[in-house]
Amino acid sequence: MPRLIAAGADLDMVYRVEVVTSANVHSEISMPRDLHDLEQRAVEVGAVLLLLDPLMSRLSDQLDTHRDAEVRLALEPLAALANRAHLTVLGIIHHNKSGSTDPLQVVMGSRAFTAVARSVHTVILDPDDKTGRRRLFGTPKNNLGRSDLPTFSFAIESFAIQTDDGGLAWTGRLAWGAQSPASIHEAMERAGDSGDQKSAATEAEHWLEDYLRMKGGIDLSAKIKKAAYAAGHTERSLRTARKRLNIGITEADFPRQTWWSLPGTQQQQKGSQS
C-alpha cells in the first residue's frame with residue numbers, strides 16, 4: 001500500500017483477491033483451479049487489470065513450471081478468461097542465471113511463459129550507468145502493435161508518505177528517465193560483465209562466502225561447484241566470485257584433490273572436510 005500511495009493510486013480501485021477453502025483455510029490463487037471463481041469476481045468488481053506477482057507461484061504445485069505443455073494448461077485458459085472479461089493480465093517473473101542475452105529466453109521456467117503472452121516486457125540494469133541505480137524497460141515482444149517500441153530508463157527514488165499517526169514512512173517511487181536509442185536486446189548484449197552479469201556475480205559472491213563459512217571456511221572445489229550449479233549460479237559467475245573473495249586454492253591428497261578456502265582460514269585436516 002505505501003508504494004501505491006506514493007504512485008498516486010486511487011486505493012478504492014484496488015482489490016486484493018483472497019482464496020478461502022471450504023475448510024476456511026486462507027491460501028493463494030492456484031491456476032487453473034481457481035480460474036472460474038476468479039473470472040466471476042473480476043466481472044463483479046469491474047476489474048480491468050489482474051496482477052499476478054510472482055506468476056510462477058500462482059500456478060498449481062501439480063504443474064511442472066519447466067514443461068511447456070503443463071504451463072499452457074494454466075496460461076491458455078487464463079488468456080481465454082482475459083478475452084471474455086476484457087481484462088489485462090500482467091504476470092511478474094524473474095530472469096534465470098543462464099547468461100543468455102535473448103530477453104525471451106532468460107525468463108525462469110518454461111518458454112511457454114513468453115510464448116503464450118501477447119506482449120513481453122523486460123527490465124534490466126542499465127549497463128551504461130555507473131551508479132547501478134538506473135534500469136531499462138523494453139518490449140522485446142509485442143503482438144498487439146508496433147515491434148519497434150522505444151526502451152525507457154527509470155530509477156526507484158525514496159519517497160515519504162504520511163502515516164495515520166502524523167509521522168512519515170519511507171517507500172520507493174518509480175521515476176521515469178530518458179528514452180534509450182538501443183533495443184532491450186542490444187542493451188543485454190552490451191551488458192557483458194556489467195548489468196545482469198554483474199548482478200549474477202554479486203549474488204554468486206554472497207552465496208560462495210556464506211557456503212564456505214558454513215563449511216568452516218574450506219571445502220572441496222568439486223563439492224562447491226556442484227552446490228553452486230544446483231543453486232542456479234553459472235561457472236562464469238562462480239569464477240568471478242572466487243576472484244573477488246580472494247579464495248585460496250590448494251591441492252593435496254591422492255588422487256589429487258583441489259580445495260577452496262576463505263582468506264585467513266586455518267588449514268584443517270582434509271579428512272574432516274570430505
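Rules behind the numbers
Residues numbered from 1 in each chain as written. Predicted model: local features only at pLDDT ≥ 70, side-chain atom pairs only at ≥ 80, totals over all residues. Heavy atoms only, no water. Patch = residues over 30% accessible without salt bridge, like charges linked within 9 Å, V, L, I, M, F, W, Y side chains within 5 Å. Areas by Shrake-Rupley, 256 points an atom, 1.4 Å probe, with all protein chains shown as cover. Salt bridge = Lys/Arg side-chain N within 4 Å of Asp/Glu carboxyl O. Helix = DSSP H or I, 4+ residues; strand = E, 2+ residues; numbered from the N terminus. 1 Å grid on protein atoms, 1.4 Å probe; cavity = no way out; pocket = protein on both sides within 12 Å on 5 of 7 lines; lining within 4 Å. Points joined across faces, edges and corners; volume = space filled by probe spheres on them. Nonpolar A, V, L, I, M, F, W, Y, C, P; charged D, E, K, R; others polar. Pairing = 2+ DSSP bridges. Axes fitted to C-alpha atoms, helices over the stretch in contact; angles between N-to-C directions. Core = buried A, V, L, I, M, F, W, Y, C linked by side-chain atoms within 4.5 Å. Buried < 20%, exposed > 50% of the residue type's maximum accessible area, 1.4 Å probe, protein only. Contact = heavy atoms within 4.5 Å.

A. Structural context of a nonpolar patch on the surface. A cluster of nonpolar residues, Met-1, Leu-4, Ile-5, Leu-11 and Val-14, forms a patch on the protein surface that exposes about 430 Å² of accessible area. Tracing the backbone through its elements, the reader meets Ile-5 in helix 1 (residues 2-6).

B. Quick look at the layout of surface pockets. Considering only enclosed or pocket space, the second largest pocket measures out at about 240 Å³ in volume. What lines the second largest pocket is simply Tyr-15, Val-17, Glu-18, Val-19, Val-20, Ile-29, Asp-34, Asp-37, Leu-38, Gln-40, Arg-41 and Glu-44. Where the lining of the second largest pocket is concerned, the elements lending two or more residues are strand 1 (19-20) and helix 2 (35-45). Top element by residues in the lining of the second largest pocket is helix 2. It accounts for five residues. Counted by class, the lining of the second largest pocket contains six nonpolar, one polar and five charged residues.

C. Quick peek at the sheet that holds strand 6 (residues 135-142). Taken in spatial order, the four strands of this open sheet run 5-6-7-8, and their pairing is antiparallel. Edge strands, defined here as strands with exactly one partner in the open sheet, are strand 5 (119-125) and strand 8 (168-180). Mean inter-strand twist for the sheet, computed between neighbouring axes without regard to direction, equals 30°. Relative to strand 6, strand 5 runs antiparallel, the two being bridged by six bridges. Each bridged residue has a counterpart across the sheet, and for Thr-122 the counterpart in strand 6 is Gly-138.

D. Region of the structure containing the nonpolar core. Counting residues in each nonpolar core, the largest one holds 21 residues, and the members touching the most others are Met-31, Leu-55 and Leu-59. Looking at this core, the elements with two or more residues in it are helix 2, strand 3 (49-52), helix 3 (68-85) and helix 4 (112-116). It is helix 3 that contributes the most residues to this core, six residues altogether. Leu-55 has contacts with Met-31, Leu-75, Gly-91, Ile-92 and Phe-113, leaving out every residue within four places of it along the chain.

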